[in-house]
Amino acid sequence: MTTTLISGGTVVSATGRVEADVLVDGERIVAVLQPGSELMGTDVAASADRVIDATGKYVIPGGIDAHTHMQLPFGGTEASDTFESGTIAAAHGGTTSIIDFAVQTYGQRIEDGLAAWHEKAGGNCAIDYGFHQIVGDVNEASLEAMKRLPDEGITSFKMFMAYPGVFYSDDAQILKAMQVSRDTGLLTMMHAENGPAIDVLAAQLVDAGKTDPYYHGIARAWEMEEEATHRAIMLAKLTGAPLYVVHVSAKQAVEQLAWARDKGQNVYGETCPQYLYLSLEDQLGAKSDEWGAFEGAKWVCSTPLRSRAEGHQDSMWQALRTNDLQMVSTDHCPFCMKDQKELGLGDFRKIPNGIGSIEHRMDLMYQGVVTGEITLERWVELTSTTPARMFGLYGRKGVIQPGADADIVVYDPNGHTSIGLDKTHHMNMDYSAWEGYEIDGKVDTVMSRGRVVVENDTFTGAAGHGQYLKRGLSQYLI
Ligand code: URP
Ligand code: ZN
Ligand code: ZN
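Residues numbered from 1 in each chain as written. Chains lettered and ligands numbered in written order. Predicted model: local features only at pLDDT ≥ 70, side-chain atom pairs only at ≥ 80, totals over all residues. Heavy atoms only, no water.

### Regarding unusual backbone geometry
Here's step 1: Cis rather than trans, the peptide bond between Ser-302 and Thr-303 has omega equal to 0 degrees.
Here's step 2: Positionally, Thr-303 belongs in the loop between helix H11 (280–285) and helix H12 (312–322).
Here's step 3: The phi dihedral of His-247 falls on the positive side, at around 30 degrees, and the residue is not glycine.
Here's step 4: Of note, His-247 is situated in the loop between strand S15 (243–245) and helix H9 (251–262).
Here's step 5: Its identity as a non-glycine residue notwithstanding, Arg-449 has a phi of 40 degrees, on the positive side.
Here's step 6: By secondary structure assignment, the location of Arg-449 is in the loop between strand S21 (442–448) and strand S22 (451–455).
Here's step 7: With relative accessibility at 5%, the residue Arg-449 sits in the buried group. (Helix = DSSP H or I, 4+ residues; strand = E, 2+ residues; numbered from the N terminus. Buried < 20%, exposed > 50% of the residue type's maximum accessible area, 1.4 Å probe, protein only.)

This is the structure:
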């Protein structure tokens, strides 16, 4: 087996930082050593097959993006990244594992939806991948099938209070699924927006001629997110199900999560880079020669971008500091403007919902370290260690320690990353939602299970290297 020594760097974990060398043998980390150490009488650097010089750089556990949608059929089209293109883009950005959402559509068996997802991902991923299960049709058979998901390595499922007619579940269906969650330990993930009410508001806006992308965010008012978050919390309380609210964007929704957590309930939440950096005002102001006000379609996602004047972005950063929110995922759901987003020209309701960020999450969150929003350790915790614990991967992923998979990122705080379509972008998109963002840091080298998959800005891995991750139950619950 090949040995690699990552030498001279600062190993950063969720709890601290230390000058140390990391020795990798084959696919695993075998030692974290004092710099220049000997191991059983041998000079480690001299005997390693390869030495990666990390002097002046951070050595962190590879990023885990726990919310992605590769090849998701949605909004009359399909998310534009394949498992291959999306995971290569992820690797470029320092993410070494993803957890994607297998889909059960209405009328479909869960087993068949899951098999279809294995078919799409198997042999195509450049980094390791796991699945959550979207439950889009709650019935007796699917409730039984859910109980068998842990045998498949799937320990979390997503339900939607939004998107009537697509993935939507009513309260009775949610209640029944949460009872399974309570009995099995499966983590209930919730898209918490009041979909039926939003659809009425959206129709009224369109009838009034308000069809531009900006009105997507007006229809999906924060009250709709706060209300649904509260309802999900109460259903979880009643049933005893552990609850994880995805893509939180409204400060009032965070207040609901904090309220439930303060009462000792097993309630968690993630936010995404778009809700930290981008705003509804940005979307309103977005105009281009090519698209006019339809330029704003680039940032149509659900939950929507929120008003900066109302303070939602500041509230998200604060909640990340105080652990009212525990994680940052991307909700990577990319669409091109041509042929995809443009389906909603003249009616914002038809714009496929989603933003692509998988390549930039680690950088965008590192910029939060530079600007003092979070600490270096919290960066590692939010992007790698907590996702591993939350979704039953910790020990193998999310940490640099002997026995863990050698998923390692060497990150250069003296480097620089300019984000944009023509600069660093490997996602299968014809625009970047992050065009013009500048990061005071840079992904230097990325290792996935002991194999260097990115160095010198070049992908050196292979589609098919990524293995399916059978996950255990959450290691984060109280
Ligand atoms: O806009 C989004 N979030 N698209 C992906 C589907 C979802 O709700 O996560
Ligand atoms: Zn969602
Ligand atoms: Zn999503």
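Structure's up, so let's keep going.
### Observations regarding the pattern of salt bridges
Here's step 1: Counted by the stated rule, this structure contains 25 salt bridges.
Here's step 2: For Glu-381, the salt bridge goes to Arg-378, with nearest N and O atoms at 3.0 Å. In this pair, Glu-381 and Arg-378 are both assigned in helix H14 (residues 376–390), three residues apart and thus about one turn of the helix distant.
Here's step 3: Relative accessible area serves as the criterion here: at 10%, Arg-378 is assigned to the buried category.
Here's step 4: The salt bridge partner of Lys-397 is Asp-405, with a shortest N-O separation of 2.8 Å. An identical accessibility class is assigned to Lys-397 and Asp-405; each is buried. (Salt bridge = Lys/Arg side-chain N within 4 Å of Asp/Glu carboxyl O.)

### As for the coordination of the zinc ion (ligand 3)
Here's step 1: The zinc ion (ligand 3) binds to the protein through His-67 (NE2), His-69 (NE2) and Asp-331 (OD); the donor distances cover 2.0 to 2.2 Å.
Here's step 2: For the zinc ion (ligand 3), the four donor atoms are set out with angles of 86 to 138 degrees between them, so the coordination reads as irregular.
Here's step 3: Positions of the donor residues of the zinc ion (ligand 3), expressed as sequence spacing, correspond to H-x1-H-x261-D.
Here's step 4: Here the zinc ion (ligand 3) and the zinc ion (ligand 2) are spaced 4.0 Å apart. Of this pair, His-67 sits in strand S8 (residues 63–68) while Asp-331 sits in the loop between strand S17 (327–328) and helix H13 (361–370), and the two are 264 residues apart along the sequence.
Here's step 5: Among the residues examined, His-67 registers a relative accessible area of 0% and is labelled buried. (Donors = N, O, S within 2.8 Å, 3.2 Å for Na, K, Ca; no water. Tetrahedral: all angles 85-135°; square planar, octahedral: opposite > 155°, others 65-115°.)

### Observations concerning the coordination of the zinc ion (ligand 2)
Here's step 1: In the first shell of the zinc ion (ligand 2), the protein supplies Lys-158 (NZ), His-191 (ND1) and His-247 (NE2), at 2.1 to 2.2 Å from the metal.
Here's step 2: All donors of the zinc ion (ligand 2) belong to a single chain; written as a sequence motif, their spacing is K-x32-H-x55-H.

### Examining the sheet that holds S8
Here's step 1: One open sheet accounts for eight strands, arranged S8-S11-S12-S13-S14-S15-S16-S17; its pairing is parallel. Looking at strand neighbours, the two that pair on one side only are S8 and S17, the edges of this open sheet.
Here's step 2: In this structure, strand S11 (residues 95–104) lies alongside strand S12 (residues 128–135), joined through eight bridges in parallel fashion. Among the inter-strand pairings, Ile-99 is bridged to a residue of S12, identified as Gly-130.
Here's step 3: Against the sheet, helix H8 (residues 222–239) engages strand S14 (187–191), S15 and strand S16 (267–271), with an angle of about 170 degrees to S15. (Pairing = 2+ DSSP bridges. Contact = heavy atoms within 4.5 Å. Axes fitted to C-alpha atoms, helices over the stretch in contact; angles between N-to-C directions.)

### A closer look at helix H5 (residues 171–184)
Here's step 1: Across its 14 residues, H5 extends 20 Å between first and last C-alpha, which sits within 8% of the 20 Å expected from 1.5 Å per residue.
Here's step 2: For H5, the full list of buried residues reads Gln-173, Ile-174, Ala-177, Met-178, Val-180 and Ser-181. All buried residues of H5 lie within an arc of 155 degrees about the axis, which places them on one face of the element.
Here's step 3: Looking at the packing, one finds that the buried side of H5 touches helix H4 (140–147), strand S13 (156–160), S14, H8 and S15.
Here's step 4: At the N-terminal end of H5, a side-chain oxygen is found 3.1 Å from the backbone nitrogen of Ala-172, two or three residues along, and the residue is Asp-170. (Expected span 1.5 Å × (residues − 1). Arc of directions from axis to C-beta. Polar contact = N/O pair within 3.5 Å; in protein donor to acceptor, adjacent residues only side chain to side chain.)

### Describing the site of ligand 1
Here's step 1: The immediate surroundings of ligand 1 are formed by 14 residues, with Lys-158, Tyr-163, His-191, Ser-302 and Asp-331 found nearest.
Here's step 2: Interatomic distance of 2.8 Å between a side-chain N/O atom of Tyr-163 and an oxygen atom of ligand 1.
Here's step 3: Between Asn-353 and ligand 1, the recorded distance is 3.0 Å, taken from a backbone N or O atom to a nitrogen atom.
Here's step 4: Surface burial for ligand 1 is 99%, taken as the share of its 270 Å² of free accessible area covered by protein chains. (Near = heavy atom within 4 Å. Areas by Shrake-Rupley, 256 points an atom, 1.4 Å probe, with all protein chains shown as cover.)

### Quick word on the packing of aromatic side chains
Here's step 1: Evaluation of the coordinates by the stated rule reveals 19 aromatic pairs.
Here's step 2: Residues Tyr-277 and Tyr-437 carry aromatic rings whose centres are separated by 5.9 Å and whose planes lie at 85 degrees to one another, so their mutual orientation is edge-to-face. Here Tyr-277 is found in helix H10 (residues 273–277), whereas its partner Tyr-437 is found in the loop between strand S19 (417–418) and strand S20 (438–439), with 160 residues between them in sequence.
Here's step 3: On the basis of relative accessible area, Tyr-437 is assigned to the partly exposed category, the value being 23%.
Here's step 4: Feature note: the residues Tyr-58, Tyr-366, Trp-379 and Tyr-411 constitute an aromatic cluster, connected by ring pairs.
Here's step 5: Over the face of the ring belonging to Trp-117 we find Lys-120, whose NZ or CZ atom lies 4.1 Å from the ring centre.
Here's step 6: If you follow Lys-158 out to its NZ or CZ, it ends over the ring of Phe-101, 5.4 Å from the centre. (Phe/Tyr/Trp six-rings, centres within 6.5 Å; stacked < 30°, edge-to-face > 60°. Lys NZ or Arg CZ within 6 Å of the ring centre and 35° of its normal.)

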